[in-house]
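Next come the chains, spelled out residue by residue.
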Amino acid sequence: MRGGTVRDLVIAHARDDQWVGHTLAGGTIEDGTPLFPEQPLGADLKAGWRAISERACAAALELTEPDRPAHLSFGSPGDFSVRDYLQQIIVYRALQAWDLATVLKVSDPLSDELVSGLAEMLAPIAEQWRAWGVFGPAVAVPAGASARDRLLGLTGRRP
């Protein structure tokens, strides 16, 4: 977690997730902005989170055209497919889960299978994402470092 509180992190995720169905349906930032509040969870954060998360998951499960363009808040129209958008969400959530677990000093939430999939997905695009400011500078890890530590270093995190 890079600053802020756990509450801030949950609200940030909810703000992103409220856009998933709209984005997967081909919606744009311009036509979606008036639809979504800055604090979408209401007074009951847990119930609000559950409702938004369920809608986002349902939209992803209904997806039939993963290679069509997604209209995102960055890049030009057509730069990213819906598949790219979903990959970005997965990476963001996984790394934020690790950041949060580190701050809270709880067990690492990243399974070996997830680490492997993230590393495979990010290897060819990490430098581009770094140029966009998604990742900080790569962190060197020792030879023979675990796959998890290599992934964290690739994404600018200190294992």
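Residues numbered from 1 in each chain as written. Predicted model: local features only at pLDDT ≥ 70, side-chain atom pairs only at ≥ 80, totals over all residues. Heavy atoms only, no water.

> Now, about unusual backbone geometry: what can you tell me, with residues and values included?
Positive phi values are uncommon outside glycine, yet Lys105 reaches one of about 60 degrees. Tracing the chain through its elements places Lys105 in the loop between α5 (82-104) and α6 (112-122). Judged by relative accessible area, which is 74%, Lys105 ranks as exposed. (Helix = DSSP H or I, 4+ residues; strand = E, 2+ residues; numbered from the N terminus. Buried < 20%, exposed > 50% of the residue type's maximum accessible area, 1.4 Å probe, protein only.)

> Explain the pattern of salt bridges to me, and be specific about the residues and the numbers.
Taken as a whole and assessed by the stated rule, the structure comprises 8 salt bridges. Linking Asp67 and Arg83 is a salt bridge whose minimum nitrogen-to-oxygen distance equals 3.1 Å. A residue pair is termed long-range when its members are at least 10 positions apart, and Asp67 in the loop between α4 (45-61) and β1 (69-70) and Arg83 in helix α5 qualify at 16 residues. With a shortest N-O distance of 3.1 Å, Arg130 and Glu127 are connected by a salt bridge. Here Glu127 and Arg130 lie together in helix α7 (residues 126-132), a separation of 3 residues that amounts to about one turn. Among the residues examined, Arg130 registers a relative accessible area of 14% and is labelled buried. (Salt bridge = Lys/Arg side-chain N within 4 Å of Asp/Glu carboxyl O.)

> Explain the layout of surface pockets to me, using residue names and the numbers behind them.
In this model, the largest pocket occupies a volume close to 700 Å³. In this structure, the largest pocket is lined by 24 residues; those nearest its centre are Asp16, Ser73, Phe74, Gln88 and Tyr92. Elements supplying a minimum of two residues to the lining of the largest pocket: α1 (6-17), α5 and α7. Taken as a whole, the second largest pocket spans an internal volume of roughly 190 Å³. Lining of the second largest pocket is provided by Asp17, Val20, Trp49, Ser53, Ala56, Cys57, Ala60, Leu86, Ile89, Ile90 and Arg93. (1 Å grid on protein atoms, 1.4 Å probe; cavity = no way out; pocket = protein on both sides within 12 Å on 5 of 7 lines; lining within 4 Å. Points joined across faces, edges and corners; volume = space filled by probe spheres on them.)

> How would you summarise the packing of α5 against α6 if you had to cite specific residues and measurements?
A pair of packed helices is captured by two measures, namely the crossing angle of their axes and the spacing between those axes. In contact at an axis separation of 11 Å, α5 and α6 are set at 130 degrees when each is read in the N-to-C sense. One finds that α5 runs oblique with respect to α6. For the element pair α5 and α6, the recorded crossing hand is left-handed. Packed against α5, whose contacting residues are Gln87, Ile90, Val91 and Ala94, the element α6 presents Leu114, Leu118, Met121 and Leu122 at the interface. (Axes fitted to C-alpha atoms, helices over the stretch in contact; angles between N-to-C directions. Parallel < 35°, antiparallel > 145°, perpendicular 65-115°, else oblique. Left-handed = near helix turned anticlockwise from the far one by under 90°. Contact = heavy atoms within 4.5 Å.)

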